[in-house]
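An overview of the molecular structure
Listed below, chain by chain, are the residues.
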Amino acid sequence: MITAIREIRRAKGMTLDDVARACLPPTTAQTIGRLETGTRTVSVGWLNRIAAALGVTAADLVKLPERSDIAVAAILDANGAHAPRRPAMLAPPQPTPGLVAVTVSASLGDYRAGDEIWCETLAPDDFTQALNRDILVPRAAGRFVFGRLIGREAPGADGTPGKVHLLPPGAGHRQQIISDPAWIARAVRLIRAL
């Protein structure tokens, strides 16, 4: 199996040792090197461990003939743009199950017209994972509310519904409180054309 472990590791600025220590359970830099070069067979288990250590999906580590990666032409930092020391490739974003999207038709707050916001759906037990993040909340009759999750009240023992507190983007908007949403979707990726 041909993998992109080395390219993604280098693009993220990580050493073999960094990846080895980030694996759960930790492993050795030598093992990661062997998996990168193909001298050791990469199992699905290893792909999942290395992907988690690199902060990508296992699918991002597998080179498929029909998938075209994007060459890194320059690295931008405080000193300006400069060429990478070694050739590097990035995998384009891949949709995963449970994602929904929001398209922006007019600039509002940090978002510009034409932006795509990819959101990961969360069940009520996981709402606190989205605190201080932008979320999409469904309402009755096919309506939605989008904004920063600033508070979460769990359902009460007496049967009172749980509530989420949102601050919509842009200046001058007031906090909104939505009772007992069935799900929310946390913004995880912004796609913006320049």
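Keep in mind that what you see is a predicted model, and the values were worked out from it rather than measured.

In terms of regular secondary structure, the protein chain is built from 5 helices and 11 strands. For a compact globule of 194 residues, the expected C-alpha radius of gyration is about 16 Å, and the protein chain comes in at 21 Å, more than 25% above that figure. Once the C-alpha set of the protein chain is aligned to its principal axes, its extents read approximately 60 × 40 × 35 Å. Residue pairs in contact within the protein chain that sit at least 24 positions apart in sequence constitute 45% of those at least 6 positions apart. In the structure as shown, the protein chain presents an accessible area of about 12,000 Å², 54% of it carried by carbon and sulfur atoms. When the 23 positive and 18 negative side-chain charges of the protein chain are each reduced to one mean point, those points stand 5 Å apart.

Our focus in this paragraph is the environment of V100. Tracing the chain through its elements places V100 in strand β5 (residues 99-103). Overall, V100 belongs to the partly exposed group, its relative accessible area being 30%. Spatially, the C-alpha atom of V100 lies 9.2 Å from that of A187, the residues being 87 residues apart in sequence. Other than its neighbours up to four places away in sequence, V100 contacts I117, W118, C119, T121, L136 and A185.

The next thing to look at is helix α3 (residues 29-37). In an α-helix, one turn spans 3.6 residues; hence positions three or four apart end up facing the same way. By the burial criterion, the buried members of α3 are T31, I32, G33, L35 and E36. Elements that come into contact with the buried residues of α3 comprise α1 (5-11), α2 (16-22) and α4 (44-54). Two residues or fewer after α3 comes G38, characterised by a positive phi angle close to 85°.

With that out of the way, let us pick up the environment of K163. Along the polypeptide, K163 turns up in strand β9 (residues 163-167). Look at K163 and you get partly exposed, because its relative accessible area is 30%. Along the primary structure K163 and A81 are separated by 82 residues, whereas in three dimensions their C-alpha atoms are 46 Å apart. Setting aside residues up to four positions removed in sequence, K163 forms contacts with G151, R152, E153, I177, I178, S179 and D180.

Averaged over all residues, the pLDDT of the protein chain is 86; the fraction at 70 or higher stands at 96%. At the level of individual helices and strands, the protein chain shows its lowest average pLDDT in strand β4 (residues 89-90), which scores 75, and its highest in α2, which scores 94.

This brings us to the pairing of strand β7 (residues 134-138). Burial within β7 is extensive, with 5 of its 5 residues counted as buried. Judged by which residues are buried, β7 turns out to be covered on both faces: D134, L136 and P138 on one side and I135 and V137 on the other are all buried. Bridge count for β7 against strand β8 (residues 144-153) is 5 bridges, and the pairing is antiparallel. The partner of P138 across the bridge, within β8, is F144.

Conventions we followed
- Residues numbered from 1 in each chain as written.
- Predicted model: local features only at pLDDT ≥ 70, side-chain atom pairs only at ≥ 80, totals over all residues.
- Heavy atoms only, no water.
- Helix = DSSP H or I, 4+ residues; strand = E, 2+ residues; numbered from the N terminus.
- Rg over C-alpha atoms; globule rule 2.2 N^0.38 Å.
- Contact = heavy atoms within 4.5 Å.
- Areas by Shrake-Rupley, 256 points an atom, 1.4 Å probe, with all protein chains shown as cover.
- Lys, Arg positive; Asp, Glu negative; His and termini not counted.
- Charge placed at Lys NZ, Arg CZ, Asp CG, Glu CD.
- Buried < 20%, exposed > 50% of the residue type's maximum accessible area, 1.4 Å probe, protein only.
- pLDDT = per-residue confidence, 0-100.
- Pairing = 2+ DSSP bridges.

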